[in-house]
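Given next are the chains, with one letter for each unit.
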Amino acid sequence: MTLNIKALIQRAKISIPDIAQIAIDARDMLARVRGHMLAPDRRKKAPTFTIGQVAELCGIDKPKLQYRIKKLGLHADSTQGKVRSFSLSEVRELVRIIREDFVRPDAARGVVIGVGNFKGGVSKTTTTMCLAQGLSLRGHKVLCIDMDPQGSLTALFGMLSDAEIDDEMTVGRILIDGIGADSLDLAVQETYWEGIDLIAANTNLYAAEFSLPARQMTDSSFQFWNVLNEGLVSLRDKYDVILIDTPPALSYLTINAFMASDGLIVPLPPNNLDFASSVQFWNLFGDLSSSLMESAGLTKKFDFLNILLSRVDASDASSNVVREWIQATYGDKVFPVEVPKTTVTVSASTEFGTVYDITKYEGSLKTYRRAREAYDRVVDLVEQSVVVSWHQQIAAETE
């Protein structure tokens with residue numbers, strides 16, 4: 001093989017305007033892809049559910065569920081009189097009635113959960129979305145907050161972050177503009193999935209990395225890490241769970257998200273690079289949060305912290321070794337369930353969705369069930385932690 005050096009050195013260089021044009025072309029392509037995937041109305045739609053799926057969510061068998069449905073006077077939708085299905089609204093109503101022990105007590109506030117990792121590509125955003133959908137299916141009212149300027153979570157809800165999301169629809173209202181904390185309520189919008197609202201993201205959130213330290217320099221009493229926490233005060237009373245998807249870096253945005261959280265969930269694939277990155281993550285976060293709390297004379301405690309083994313490739317022999325490292329390092333903080341890397345999750349993500357968006361899977365049913373059951377189990381475990389947090393709040397207030 002020989003190189004044509006003369007031809008290569010005459011190749012045109014890439015200018016900044018060229019890069020700007022690439023950005024425009026890429027954005028247009030994404031819009032076309034989304035338009036194709038979400039046709040005909042360019043908006044996502046929630047799936048419908050079989051009576052077997054509803055019974056499983058309610059934790060009872062089908063005959064008992066049918067009896068309760070008849071007693072409550074509810075009727076499932078039907079297609080040509082053959083296939084009975086339930087809408088998301090009906091599922092949520094049934095689940096809240098039948099699983100009353102899991103309903104948030106009036107005296108408890110919503111639990112804030114931060115989902116984060118120092119590294120991208122670990123299923124952080126997918127985990128956040130699946131938790132939101134799974135908790136919603138269990139009757140909870142959920143708020144998702146996208147704090148990643150890349151807007152991946154916003155995209156999963158079927159919205160283009162830069163084309164459709166104004167700054168007023170993001171946490172930039174309080175983190176960048178410095179508008180009153182209670183103004184964050186105005187950024188909330190409904191989504192295609194009943195029971196889940198969203199505070200979206202766009203690339204302008206990067207400005208928080210400059211505005212927050214600038215405010216700290218001009219006002220020594222300003223606590224840059226506590227802005228989001230103050231902004232969530234009224235929202236905690238409106239939602240059962242608030243989920244925050246964070247940037248893949250220990251940024252000012254991530255710090256705000258973590259300091260506002262009652263619990264943390266860290267997706268971590270069992271491979272060498274991701275494990276090494278997690279070590280750096282905890283070192284940096286531990287050092288930074290300690291210095292922040294000490295300087296302010298404050299303490300910060302999380303109700304729960306869990307490591308979720310994600311994107312687990314059963315065919316990768318080395319993952320077994322790394323799994324042992326993770327287990328030895330984090331102990332009982334590791335969830336006793338793993339989320340497998342499957343064709344189901346890959347195909348769902350290419351269509352701006354998750355396993356919960358699928359009404360009928362066209363591929364292997366066994367593969368679908370493996371992916372869905374893993375996320376269902378994770379949601380169950382998170383829900384248990386949320387319920388415990390509610391009752392801990394009530395116990396603390398009565399002491």
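What you see is a predicted model, and the numbers here were worked out from it, not measured in a lab. (Residues numbered from 1 in each chain as written. Predicted model: local features only at pLDDT ≥ 70, side-chain atom pairs only at ≥ 80, totals over all residues. Heavy atoms only, no water.)

A. Structural context of the side chain of Gln133. The topology assignment puts Gln133 in helix H6 (residues 124-137). Of the residues examined, Gln133 reaches a relative accessible area of 0% and is grouped as buried. Separated by 2.5 Å, the side chains of Gln133 and Thr354 make a polar contact. Side-chain polar atoms of Gln133 contact the side chain of Asp357, separated by 3.3 Å. Residues in contact with Gln133, not counting those within four places in the same chain, are Tyr192, Trp193, Ile196, Thr354, Tyr356 and Asp357. (Helix = DSSP H or I, 4+ residues; strand = E, 2+ residues; numbered from the N terminus. Buried < 20%, exposed > 50% of the residue type's maximum accessible area, 1.4 Å probe, protein only. Polar contact = N/O pair within 3.5 Å; in protein donor to acceptor, adjacent residues only side chain to side chain. Contact = heavy atoms within 4.5 Å.)

B. Expanded view of the sheet that holds strand E6 (residues 196-199). The mixed open sheet is built from eight strands, whose spatial order is E5-E6-E4-E7-E3-E8-E9-E10. Of all the strands in the sheet, just strand E5 (189-190) and strand E10 (334-340) have a single pairing partner and so form its edges. In terms of strand pairing, E5 meets E6 through two bridges, oriented antiparallel. Bridging from a neighbouring strand, Glu190 pairs with Asp197 of E6. (Pairing = 2+ DSSP bridges.)

C. Summary view of the nonpolar core. Ranked by size, the top nonpolar core spans 55 residues in total, and within it Leu65, Ile113, Cys144, Phe157 and Leu243 carry the most contacts. The element best represented in this core is helix H17 (residues 365-398), accounting for nine residues. Leu243 has contacts with Ile113, Thr128, Leu131, Ala132, Leu135, Val142, Leu143, Cys144 and Ile145, leaving out every residue within four places of it along the chain. Ranked by size, the runner-up nonpolar core spans 36 residues in total, among them Val227, Leu228, Tyr239 and Phe258. (Core = buried A, V, L, I, M, F, W, Y, C linked by side-chain atoms within 4.5 Å.)

D. The arrangement of the side chain of Ser310 in detail. When you line up the elements, Ser310 lands in strand E9 (residues 304-312). Of the polar contacts made by the side chain of Ser310, one reaches the backbone oxygen of Val122; its length is 2.8 Å. Once residues lying within four places of it in the same chain are set aside, the contact partners of Ser310 are Val122, Ser123, Pro267, Leu268, Pro269, Pro270 and Val339.

E. Spotlight on the packing of aromatic side chains. Summed over all chains, the structure comprises ten aromatic pairs. Arranged with centres 5.0 Å apart and planes meeting at 65°, the rings of Phe224 and Tyr252 form a pair that is edge-to-face. One end of the pair, Phe224, is in the loop between helix H10 (208-218) and helix H11 (227-231); the other, Tyr252, is in helix H13 (residues 252-260), with 28 residues separating them in the sequence. Overall, the relative accessible area of 9% leaves Phe224 in the buried class. Here Phe275 and Trp325 contribute two aromatic rings whose centre-to-centre distance is 5.7 Å and whose plane-to-plane angle is 50°, an arrangement assigned as tilted. Remark: Trp325 occurs in helix H15 (residues 318-330) and Phe275 occurs in helix H14 (residues 272-296); sequence separation between them is 50 residues. For Phe275, a relative accessible area of 15% puts it in the buried group. The class of Trp325 is partly exposed, set by a relative accessible area of 38%. One aromatic cluster in this structure is built from Phe118, Phe258, Phe281, Trp282 and Phe285. If you follow Arg99 out to its NZ or CZ, it ends over the ring of Phe102, 4.1 Å from the centre. (Phe/Tyr/Trp six-rings, centres within 6.5 Å; stacked < 30°, edge-to-face > 60°. Lys NZ or Arg CZ within 6 Å of the ring centre and 35° of its normal.)

F. Local environment of the pattern of salt bridges. Inspection of every chain in the model, using the stated rule, returns 13 salt bridges. Across the salt bridge formed by Asp376 and Arg138, the nearest N and O atoms sit 3.8 Å from each other. On the criterion of sequence distance, the pair formed by Asp376 in helix H17 and Arg138 in the loop between H6 and strand E4 (142-146) is long-range, its members being 238 residues apart. The same class applies to Asp376 and to Arg138, which are both buried. (Salt bridge = Lys/Arg side-chain N within 4 Å of Asp/Glu carboxyl O.)

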